[in-house]
Amino acid sequence: MFEQVNLPESVKWAILVFAAGFFGFFGKYLGRVVLSQFHREKDVAPPSPGRPSPERKPSSGRVQEEKILKKTAKAHAKAQKKLGK
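Right, let's walk through the structure included here.

Cut-offs and rules
Residues numbered from 1 in each chain as written. Predicted model: local features only at pLDDT ≥ 70, side-chain atom pairs only at ≥ 80, totals over all residues. Heavy atoms only, no water. Helix = DSSP H or I, 4+ residues; strand = E, 2+ residues; numbered from the N terminus. Areas by Shrake-Rupley, 256 points an atom, 1.4 Å probe, with all protein chains shown as cover. Salt bridge = Lys/Arg side-chain N within 4 Å of Asp/Glu carboxyl O. Buried < 20%, exposed > 50% of the residue type's maximum accessible area, 1.4 Å probe, protein only. Phe/Tyr/Trp six-rings, centres within 6.5 Å; stacked < 30°, edge-to-face > 60°.

**Quick look at the overall build of the chain**
On a plain count of helices and strands, the chain comes out with two helices and zero strands. For the chain, the exposed surface amounts to about 9000 Å²; the carbon and sulfur share of it is 66%.

Set out below in structure tokens:
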């Protein structure tokens, strides 16, 4: 069985697979770096005069409290529904 294995052919395929993995990994990494640069530029760029900038609501403690109250009310309603079955 091993006498049929061509050593130079095996080495060529091993190098080819290694190179493909190398380029695949660093290509993916480079793609992420480039995309993060575009996102960073988009966040830093000032809004154009033709379009209004999107307003962001500052997250305050009151908003968080409202979310918690809503979740507890939902959980309570779910428990009541389960008891009714």
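**A word on the pattern of salt bridges**
Summed over the entire model, instances satisfying the criterion amount to two salt bridges. Among the ionic pairs, Arg62 bridges to Glu66, the shortest N-O distance being 3.9 Å. Of this pair, Arg62 and Glu66 are both found in helix 2 (residues 61–84), four residues apart, which corresponds to roughly one turn of the helix. For Arg62, a relative accessible area of 62% gives the class exposed. According to the relative accessible area criterion, Glu66 is partly exposed, its value standing at 47%.

**Quick word on the packing of aromatic side chains**
Taken as a whole and assessed by the stated rule, the structure comprises three aromatic pairs. Relative to Phe23, the ring of Phe22 lies with its centre 5.8 Å away and its plane at 75°, an arrangement referred to as edge-to-face. Each ring, one from Phe25 and one from Phe26, has its centre 4.9 Å from the other, and the planes form 85°; the classification is edge-to-face. Owing to a relative accessible area of 55%, Phe25 belongs among the exposed residues under this scheme. Judged by its relative accessible area of 40%, Phe26 is partly exposed. In this structure an aromatic cluster arises from ring pairing among Phe22, Phe23, Phe25 and Phe26.

Just geometry here; none of it tells us what the structure is for.
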